[in-house]
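Fold and geometry: a report
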Amino acid sequence: MAQRNNIETSGRHFLQIPGPTNVPGRILRAIERPTIDHRGPEFARLASEIFSGLKRVVQTTSPVIVFPSSGTGAWEAALVNTLSPGDRILMCETGHFATLWRELAARLGLVVDFIPSDWRSPVDPAAIEAKLIEDKTKQIKAVCVVHNETSTGVTSDIPTIRAAIEKTRHPALLMVDTISSLASIDYRHDAWGVDVTVGCSQKGLMLPPGLGLNAISAKAMAATKTAKLPRSYWAWDAMLDMNKTGFFPYTPSTNLLFGLAEAITMLEEEGLENVFARHKRLARATRAAVKAWKLEILCRDEERHSNSLTAVVMPEKSDADEFRKVVLERFNMSLGNGLGRLKGKVFRIGHLGSLNELMLAGTLSGIEMGFKVAGVPHRPGGVQAALADLTSD
Ligand SMILES: *Cc1c(COP(=O)(O)O)cnc(C)c1O
């Protein structure tokens, strides 16, 4: 079956998982350059360019640091630099990624109060407010939320969460995982009063995996003075100290940084506002297709649908992974799987990063043909609905 459309050699693979995303040719070519001396003047110029560019992308005047790591490393860095063993923190169960971050925090020796949810809804700011009001002795040191929950396709409202914290006058730090929202969905570290932003390279930034990011507010930096969790590789102070002159305390991912500089250039050529608007349109067209197929979108809240991915609930008796296998073998396209408790029940369409209307049309066509081939009950016409949506404005 795999040979049917000569898919091994003809055309290209469609990587429509919500990260890693398609890496555009410009970035691949930037990465391909010969590695340079990471203690030399050319590197210092590259790093300085990246540090100022990242501030514009994260929308902050605070430092943004880059680890040679996955996003998980950047999660760990956020916690170990600001907290002490036994500290209480508040986290919200938006889905699989929030759950993984909680497990990581618990392994570090933090005491996590996990606000439960149904994996179909955004963070509830009122629940955070209630927990903080209850905490009369200010034992909660941080509130950690995932901006865009990649397992469910639900985006939470960070300004409203910040406002809920403000209302209680609670001093807890606010940490936000923007791994699948950064450079796809509007996000503002400073304006939204975030203390630590966690990001990484392989989603909206259009890079291969391998870079983790932290943006650090002055309040988060002050917290490092008393934070007692052990840290070495992830230590912000050593990193920031070296970054001042454009260097790193250990060997950075030089070639990925070439790619990052190119990614920032591309985002700024398009304009961040236009990047967000493009993601919004492609997401809207995707949802138009899902509705026309008469399938259910996992996100329950119309207002909080993710613009970077859509999680689609499979009809009863259809297995999402079997469907994904058919799409991969027959059409050479990878779709996201259901994670954790959603395994087999949903598939996820990644529509973030380097993507345009025709790529989305191809993606949705592969899905609709896949439904037919795999015998998944649906109403035909989703692609038509998406095309109509894309040409409606
Ligand atoms: C992908 C992702 C992560 C994990 O990043 P890794 O690079 O796999 O460690 C964490 N949080 C969110 C929201 C993600 O989408």
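Residues numbered from 1 in each chain as written. Predicted model: local features only at pLDDT ≥ 70, side-chain atom pairs only at ≥ 80, totals over all residues. Heavy atoms only, no water.

Description of the site of the ligand
Taken together, the neighbourhood of the ligand is formed by 14 residues, with G71, T72, T150, D177 and K203 sitting nearest. One of the side-chain N or O atoms of S70 is found 3.1 Å from an oxygen atom in the ligand. Here T72 contributes a side-chain N or O atom positioned 2.5 Å from an oxygen atom of the ligand. For the ligand, whose unbound accessible area comes to 390 Å², protein coverage reaches 88%. Of the residues belonging to the shell around the ligand, the class tally is 5 nonpolar, 7 polar and 2 charged. (Near = heavy atom within 4 Å. Polar contact = N/O pair within 3.5 Å; in protein donor to acceptor, adjacent residues only side chain to side chain. Areas by Shrake-Rupley, 256 points an atom, 1.4 Å probe, with all protein chains shown as cover. Nonpolar A, V, L, I, M, F, W, Y, C, P; charged D, E, K, R; others polar.)

Brief notes about the pairing of strand 14 (residues 346–350)
Counting buried residues in strand 14 gives 5 out of 5 residues, a clear majority hidden from the surface. Alternating residues of strand 14 divide into V346, R348 and G350 and F347 and I349, and every residue in both groups is buried. (Buried < 20%, exposed > 50% of the residue type's maximum accessible area, 1.4 Å probe, protein only. Helix = DSSP H or I, 4+ residues; strand = E, 2+ residues; numbered from the N terminus.)

Quick word on the domain arrangement of the protein
Looking at the protein, the domain boundaries give domain 1 (3–18 + 271–390) and domain 2 (25–268). In this structure, domain 1 and domain 2 have C-alpha centres spaced 28 Å apart. On the side of domain 2, 34 residues touch domain 1, which itself brings 29 residues to the contact. Between domain 1 and domain 2 lies a buried interface of about 2500 Å² when both sides are counted; carbon and sulfur atoms form 56% of it. Applying the counting criterion to the domain 1 and domain 2 interface returns 4 salt bridges. Between the two partners, domain 1 and domain 2, sit 15 residue pairs in polar contact (both at pLDDT 80 or more). The dominant element in the side of domain 1 that touches domain 2, judged by the number of residues it contributes, is helix 10 (residues 272–292), at 5 residues. Of the residues in the side of domain 1 that touches domain 2, the class split is 13 nonpolar, 9 polar and 7 charged. (Domains from an automatic or database assignment. Contact = heavy atoms within 4.5 Å. Buried area = accessible area lost by both parts, 1.4 Å probe. Salt bridge = Lys/Arg side-chain N within 4 Å of Asp/Glu carboxyl O.)

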